Amino acid sequence: MQDLNDMVFFAEVVDRGGFAAAGRSLGVPKSRLSRRIGELEARLGVRLLQRTTRKLSLTEAGEIYHRHCVAMREEAEAADEAVARVRGEPRGTVRVTCPVNLAQTTLGPILPRFIAAHPQVRIEMQVTNRVVDLVQEGVDVALRVRFNLDDSGSLVVKHLGLTSFVLVASPGLLERSGRPESPEDLRQVPTVAMSAVDGRASWPLLGPGGGDFELQHRPVCTVDDLLMLKLAALQGAGMTVLPDYMCIDELRQGLLVPVLPGWAPPAIKVVAVFPSRRGMVPAVRRFLDFLGDNIMGERS
């Protein structure tokens, strides 16, 4: 009798690019997956996968069989979702990745509210600035902050809002270097930045009346952490660009000041990306709804 689990195993091996990644996703040993796929090929009487030491590839028969396996898996997930909706309360594990700063300043403060409201849901979160392959690593939702979404590929994108940025410096630094009165004057102020290429960095700035200016500069310090940039700016090491939510208290207290009011980098998008809407389990759907309702409110 046909074991439909083998169809799920086969779909996962193909979609995740190998037995090891599929095993991590399914919680099944790699050796068992390999044996089950071999038995499946023997039962069907045809080779589905071409195996090399570097990668797997589908045979013609494998491509046909894979399409049916994916359809079967999605229908099974949809059936589970339908039953879960009848039961009402979302449950299960939601695997999430989030950039470090966004997790510390925005997601961290609101996440306990979601956990309290949904006691049957378990959150597994990776806090990392690395771009995670959701399908390969078995992640349900990734939060990203982007000017564009070119690296999102076939993922579904849920827009959560916009983040504005501020060009800031300490009052003491501006006293020493002079307070800029035009975009060109910005070149006289030392800078600290997230990154530089061959020692040089560039900040696009938008100004009144649709004006724009590209500030080319040579930072005195580069560090790929926003909190350290803020600390460097507070100590007068240089002016920098920070998300507005990250320096609102320092601006109110006068510890940091806008360097050239009216001029700022363009806002960027805060989004949640996920592999597919079809077959999405209620816990993931509820988590995405929670983000849409709450995350930008926390940042305002």
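Notes on the structure follow. (Residues numbered from 1 in each chain as written. Predicted model: local features only at pLDDT ≥ 70, side-chain atom pairs only at ≥ 80, totals over all residues. Heavy atoms only, no water.)

### What about the overall build of the chain?
Test applied: A run of H or I in DSSP becomes a helix once it reaches four residues, and a run of E becomes a strand once it reaches two; helices and strands are each numbered from the N terminus. Based on C-alpha atoms, the radius of gyration is set beside the globule rule, defined as 2.2 Å times the residue count to the power 0.38. Note on classification: 1.4 Å probe, protein chains only; a residue is buried when its accessible area is under 20% of the maximum for its type, exposed when over 50%, partly exposed between these limits. In this description, contact between two residues means that some pair of their heavy atoms is separated by no more than 4.5 Å. For accessible areas, the Shrake-Rupley method is used with a probe of radius 1.4 Å. Any residue's cover is judged against the shown protein chains and nothing else.
Each helix and strand in the chain was counted, giving 10 helices and 14 strands. Relative to the globule expectation of 19 Å for 300 residues, the C-alpha radius of gyration of the chain, 25 Å, shows a markedly less compact shape. Out of the 300 residues belonging to the chain, those deemed buried represent 43%. Counted over contacts in the chain with a minimum sequence separation of 6, partners at least 24 positions apart contribute 71%. Summed over its atoms, the accessible surface of the chain is roughly 15,800 Å², and 51% of this surface lies on carbon and sulfur atoms.

### Quick word on the pattern of salt bridges
For clarity, the threshold we go by: One speaks of a salt bridge when a side-chain nitrogen belonging to Lys or Arg is within 4 Å of a carboxyl oxygen belonging to Asp or Glu.
Summed over all chains, the structure comprises 11 salt bridges. Measuring nitrogen to oxygen at the nearest pair gives 3.1 Å for the salt bridge that ties Lys230 to Glu250. Here Glu250 lies in helix α9 (residues 244–253) and Lys230 lies in helix α8 (residues 226–234), a separation of 20 residues in the sequence. Owing to a relative accessible area of 11%, Lys230 belongs among the buried residues under this scheme. Here Arg252 makes a salt bridge to Asp249, at a shortest N to O gap of 3.8 Å. Here Arg252 and its partner Asp249 are both found in helix α9, three residues apart, which amounts to about one turn of the helix. Overall, the relative accessible area of 66% leaves Arg252 in the exposed class. Here the residues in one salt-bridge network are Glu12, Asp15, Arg16 and Arg73, joined through shared partners.

### Concerning the nonpolar core
Put simply, the test is: By convention a nonpolar core is built from buried Ala, Val, Leu, Ile, Met, Phe, Trp, Tyr and Cys residues, the set being connected through side-chain atoms within 4.5 Å.
Residues Val94, Ile123, Val141, Leu143, Leu242, Phe287 and Leu291 are the most contacted members of the largest nonpolar core, which totals 39 residues. Broken down by element, the residue count for this core peaks at seven residues, all from helix α10 (residues 282–299). When near neighbours in sequence (up to four residues on either side) are disregarded, Leu143 contacts Val96, Thr97, Cys98, Pro99, Leu102, Leu107, Val271, Ala272, Leu291 and Ile295. Formed by 19 residues, the second largest nonpolar core is a distinct cluster that contains Leu174, Trp203, Leu205 and Ile268.

### Some remarks on the sheet that holds strand β14 (residues 268–274)
This is how the line gets drawn: Pairs of strands are assigned from DSSP output, requiring at least two bridges between the strands. To define axes, lines are fitted to C-alpha atoms, for helices over the stretch in contact only, and angles between the resulting N-to-C directions are given on a 0 to 180 degree scale.
If you walk across this open sheet you meet the five strands as β4-β3-β5-β14-β6, and the pairing is mixed. Looking at which strands have only one partner, the edges of the open sheet turn out to be β4 (121–127) and β6 (156–163). Each strand of the sheet is rotated relative to its neighbour by a mean of 20°, with strand direction disregarded. Of the strands in this sheet, β3 (92–98), β4, β5 (141–146) and β14 are in contact with helix α5 (residues 100–117), which crosses β4 at around 175°.

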